[in-house]
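Residue-level structural notes
As a plain string of letters, each chain reads:
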Amino acid sequence: MYTQALNVKEEATAASDPKLEARFQAHVDAELKIEPNDWMPEAYRKTLTRQISQHAHSEIVGMLPEGNWITRAPTLRRKAALLAKVQDEGGHGLYLYSAAETLGTSREQMFDQLLSGKAKYSSIFNYPTLTWADIGAIGWLVDGAAIMNQIPLCRCSYGPYARAMIRICKEESFHQRQGYEIMMTLARGTPEQKAMAQDALNRWWWPSVMMFGPSDKESQHSDVTMRWKIKRFSNDDLRQKFVDATVPQGHFIGLEFPDPDLKFNEKTKHWDFGAIDWSELKRVIAGDGPCNKQRMKQRRTAHDEGRWVREAALAYAEKRRNREVAAKVAAE
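What comes next is a walk through the structure.

What counts and how
- Residues numbered from 1 in each chain as written.
- Predicted model: local features only at pLDDT ≥ 70, side-chain atom pairs only at ≥ 80, totals over all residues.
- Heavy atoms only, no water.
- Axes fitted to C-alpha atoms, helices over the stretch in contact; angles between N-to-C directions.
- Helix = DSSP H or I, 4+ residues; strand = E, 2+ residues; numbered from the N terminus.
- Parallel < 35°, antiparallel > 145°, perpendicular 65-115°, else oblique.
- Left-handed = near helix turned anticlockwise from the far one by under 90°.
- Contact = heavy atoms within 4.5 Å.
- Nonpolar A, V, L, I, M, F, W, Y, C, P; charged D, E, K, R; others polar.
- Salt bridge = Lys/Arg side-chain N within 4 Å of Asp/Glu carboxyl O.
- Buried < 20%, exposed > 50% of the residue type's maximum accessible area, 1.4 Å probe, protein only.
- Arc of directions from axis to C-beta.
- Phe/Tyr/Trp six-rings, centres within 6.5 Å; stacked < 30°, edge-to-face > 60°.
- Expected span 1.5 Å × (residues − 1).
- Bend = angle between axes of the 7 residues up to and from the residue.

A closer look at the packing of helix 6 (residues 132–150) against helix 10 (residues 235–252)
Between helix 6 and helix 10, the shortest axis-to-axis distance is 10 Å and the interhelical angle comes to 140°. Taken together, helix 6 and helix 10 sit at an angle that is classed as oblique. When the axes of helix 6 and helix 10 are compared, the crossing they make is right-handed. Across the interface between the two elements, Trp140, Leu141, Gly144, Ala145, Met148 and Asn149 of helix 6 pack against Leu238, Lys241, Phe242, Ala245, Thr246, Gln249 and Gly250 of helix 10. Each residue belonging to the contact of helix 6 with helix 10 can be placed in one class, and the counts come to seven nonpolar, five polar and one charged.

Points about the pattern of salt bridges
Taken as a whole and judged by the stated rule, the model has 17 salt bridges. Note that Glu181 and Arg77 form a salt bridge whose closest N and O atoms lie 3.8 Å from each other. With a gap of 104 residues between them, Glu181 in helix 7 (residues 159–187) and Arg77 in helix 4 (residues 76–101) connect regions that are remote in the sequence. Judged by its relative accessible area of 28%, Glu181 falls in the partly exposed class. The salt bridge partner of Arg239 is Asp236, with a shortest N-O separation of 3.0 Å. Residue Arg239 and its partner Asp236 are located together in helix 10, separated by three residues, close to a single helical turn. Classification of Arg239 by relative accessible area gives buried; the value is 1%. Judged by relative accessible area, which is 28%, Asp236 ranks as partly exposed. One network of salt bridges, with partners in common, ties together Glu31, Lys229 and Arg232.

Thoughts on helix 5 (residues 107–116)
Buried residues of helix 5: Met110, Leu114 and Leu115, and no others. Each buried residue of helix 5 sits inside an arc of 130° when the element is viewed along its axis, so together they form one side. In helix 5, the exposed positions angled more than 90 degrees off the buried face are occupied by Glu108 and Ser116. Of the surrounding elements, those touching the buried residues of helix 5 are helix 2 (42–61), helix 4 and helix 12 (292–305). Of the residues flanking the end of helix 5, it is Gly117, one or two places downstream, whose phi is positive at about 90°.

As for the packing of aromatic side chains
Considering all chains together, one arrives at twelve aromatic pairs under this definition. Plain terms: the ring middles of Tyr44 and Trp228 are 5.5 Å apart, the flat faces sit at 85° to each other, and that makes the pair edge-to-face. Remark: Trp228 occurs in the loop between helix 9 (222–227) and helix 10 and Tyr44 occurs in helix 2; sequence separation between them is 184 residues. Relative to Phe257, the ring of Trp205 lies with its centre 4.7 Å away and its plane at 70°, an arrangement referred to as edge-to-face. With Trp205 in helix 8 (residues 191–209) and Phe257 in the loop between helix 10 and strand 1 (263–265), the pair connects residues that are 52 residues apart, well separated along the chain.

A word on the packing of helix 2 against helix 7
The N-to-C vectors of helix 2 and helix 7 enclose an angle of 25°; their axes lie 13 Å apart at closest approach. What the angle tells us is that helix 2 and helix 7 run roughly parallel. In the crossing of helix 2 with helix 7, the sense of the turn from one axis to the other is left-handed. Contacts between helix 2 and helix 7 involve Leu48, Gln51, Ile52, His55 and Glu59 on the former and, on the latter, Tyr161, Met165, Ile168 and Glu172. Across the contact of helix 2 with helix 7, the residue classes tally to five nonpolar, two polar and two charged.

Let's talk about helix 6
Taking 1.5 Å per residue, 19 residues should reach 27 Å; helix 6 reaches 26 Å between its end C-alpha atoms and fits that length. Of all the bends in helix 6, the largest measures some 30° and sits at Ile138.

Points about the environment of Phe111
In this fold, Phe111 is placed in helix 5. The class of Phe111 is partly exposed, set by a relative accessible area of 24%. The spatial distance from the C-alpha of Phe111 to the C-alpha of Val309 is 16 Å, given a sequence separation of 198 residues. With near-sequence residues (within four places) excluded, Phe111 lies in contact with Tyr97 and His303.

Below, the structure is given as structure tokens:
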């Protein structure tokens, strides 16, 4: 879900040593972790850097649509839970930036790539949160899709990424339960509250289904990322798992999915669903979604307004280093 921008053609890279590549692949096939100081193909490094940094960007940008409702949450309990969730997302971004830095790209470079538009983030965060029910839909659907994709990443071949995902998945599970509980409460409330929940489901269902990226026949990197054990399941397999898990949950609380073709297939034991409008996904990824410009403006503003904090931190670190050097010289 956080790798939609990977569906672009790679630039040609220099040929690697076949012996080293064979040793690397044997290491991966044996389910052993690749660590930062291990030899790795340059394409593996570039793919992971792009995927992990995009995942980090998505966590940070994903704070914006939910943060919009912190001051408007209906109760103090809801406000405290939402505040904790948004804080978790910020922490996830920090874990992931740290993991990406082990591949040789600095955090400053990753920020510059995001703010310049060179780097992408998950398209799902370019949709608006119009009502409180949207917060429930994001937790239930968006975080539910994230969990479906991220649990296999706990077994990713790259050690720092896999270890970061273990804690992230635990917290995302809490977020998903929180969102579903919001939707359940609304669906079992007044007719107006149930209508609000249904409207949120209508608007967030298809963007959530598209989160897993293009279909397998259109995905350009699935084969190699699965061979390297970065991914464990294809886009379509993960999408089907998500639909199979989510549809019964929605029916249980009395909501209907905005898909007239949705039906249970007795033969395959899966839920069949309608055709996906891939043109919308491409349009949003290209920057023409409902909130693309707003999200990037907010991130650039936050970056600019936080400049003095970064400069103060660097100045303090330099001052502290100078004191340590002076104390060391004096002791000699």
